[in-house]
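# Topology and contacts: notes
In case you want the letters, here they are:
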Amino acid sequence: LRCVGFLFSHTPREHFLSSEDVFLTAGLQCDLPKSGENKDDDEGGVSMVIVAACVKPDSDITYEAYQISDQAHEWVQAGTFVADSKAADGRGNDESVIRTSMEVLAQGYPTRSVDTALLAVPVPVVTHEGMFRSFFPPNNRPTEGVKKTKLLKRLLEDGKSGSPEEEPLEERLRDFHALLFLQRWVSDMAPLVEAISNRTPLPPYYRMVLEELCNDL
């Protein structure tokens, strides 16, 4: 496994990324292999992605993804940026600017304070269909346990009619958070997850356990 990005949350603010965000992302980017360095890696040169989740007062959450420009990486590696949020132009503790140790060109003008917006490259956020889905309520959300239990029972019951249009149990259990919730009753999850990942029929033992669990819920 390799870290290719990170996600953090923040309250509404005027700037896209703070100086600390830029330093952290650029530093992690420097640790990634450059294109062609790893012959066994078909994805050499992967750029670090930072995802900012803005939590608004009405509990609405918006996501914005960014990468740091190549110029920012070069300045971090060269020590051009100063790890101090105080700007040299008197702007004080402004998290939206980064002070530099020498004059640099930003938007065609020499300066010692670079706005972080000039260093961020927007990245489109697109949906992804992977091996696991995530429709079940996450365990770290304040959802009633009774509601989750009913949802799990419904998940296990679907498909009992035998209709060919209905998904088999292996497909319905591809939900990551449902599996996390299911491990409360199933002690050994490894063979179950392996069967789901490989999309092979569940072992008879697990089918029996899940059927009994469905009747008890």
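You'll find the structure just up there.
So, here's what we can say about the structure. (Residues numbered from 1 in each chain as written. Predicted model: local features only at pLDDT ≥ 70, side-chain atom pairs only at ≥ 80, totals over all residues. Heavy atoms only, no water.)

Turning next to the packing of aromatic side chains. Enumeration according to the criterion identifies five aromatic pairs in this entry. Judged by centre distance (5.2 Å) and plane angle (75 degrees), the ring pair of phenylalanine 181 and tryptophan 185 falls under edge-to-face. Under the relative-accessibility criterion, phenylalanine 181 is labelled buried at 1%. According to the relative accessible area criterion, tryptophan 185 is partly exposed, its value standing at 39%. (Phe/Tyr/Trp six-rings, centres within 6.5 Å; stacked < 30°, edge-to-face > 60°. Buried < 20%, exposed > 50% of the residue type's maximum accessible area, 1.4 Å probe, protein only.)

With mixed pairing, four strands are arranged side by side in an open sheet as 1-2-3-6. Of all strands in the sheet, those bounded by a partner on one side alone are strand 1 (5–10) and strand 6 (120–123). Taking each pair of neighbouring strands and ignoring which way they run, the sheet shows an average axis angle of 35 degrees. Pairing geometry for strand 2 (residues 49–55) and strand 3 (residues 61–68), over six bridges, is antiparallel. Bridge pairing in strand 3 places alanine 53 opposite tyrosine 63. Seen against the sheet, helix 1 (residues 19–31) touches strand 1, strand 2 and strand 3 and runs at an angle of roughly 170 degrees to strand 1. (Pairing = 2+ DSSP bridges. Helix = DSSP H or I, 4+ residues; strand = E, 2+ residues; numbered from the N terminus. Axes fitted to C-alpha atoms, helices over the stretch in contact; angles between N-to-C directions. Contact = heavy atoms within 4.5 Å.)

With that out of the way, let us pick up helix 2 (residues 70–78). In an α-helix, one full turn covers 3.6 residues, which means residues spaced three or four apart are oriented alike. For helix 2, the complete set of buried residues consists of Ala72, His73 and Trp75. In a view along the axis of helix 2, the buried residues occupy a sector of 165 degrees, so they form one face of it. The exposed set on the far side of helix 2, more than 90 degrees from its buried face, consists of Asp70, Gln77 and Ala78. The elements touched by buried residues of helix 2 are helix 1, strand 3, strand 4 (97–106) and strand 5 (109–115). Two residues or fewer past helix 2, glycine 79 is found with a positive phi of approximately 75 degrees. (Arc of directions from axis to C-beta.)

The buried fraction of strand 2 amounts to five of the seven residues, a majority that puts the element mostly inside the structure. From the end of strand 2 to the start of strand 3, which pair antiparallel, there are five residues, and serine 59 there has a positive phi angle of about 75 degrees.

Attention now goes to the pattern of salt bridges. According to the stated counting rule, one finds four salt bridges in the structure shown. For arginine 207, the salt bridge goes to glutamate 170, with nearest N and O atoms at 2.5 Å. Pair noted here: arginine 207 is in helix 7 (residues 204–216) and glutamate 170 is in helix 4 (residues 169–172), with a separation of 37 residues, a long-range link. We classify arginine 207 as partly exposed; its relative accessible area is 35%. Put simply, Glu171, Arg174 and Arg199 are held in one network by salt bridges that share partners. (Salt bridge = Lys/Arg side-chain N within 4 Å of Asp/Glu carboxyl O.)

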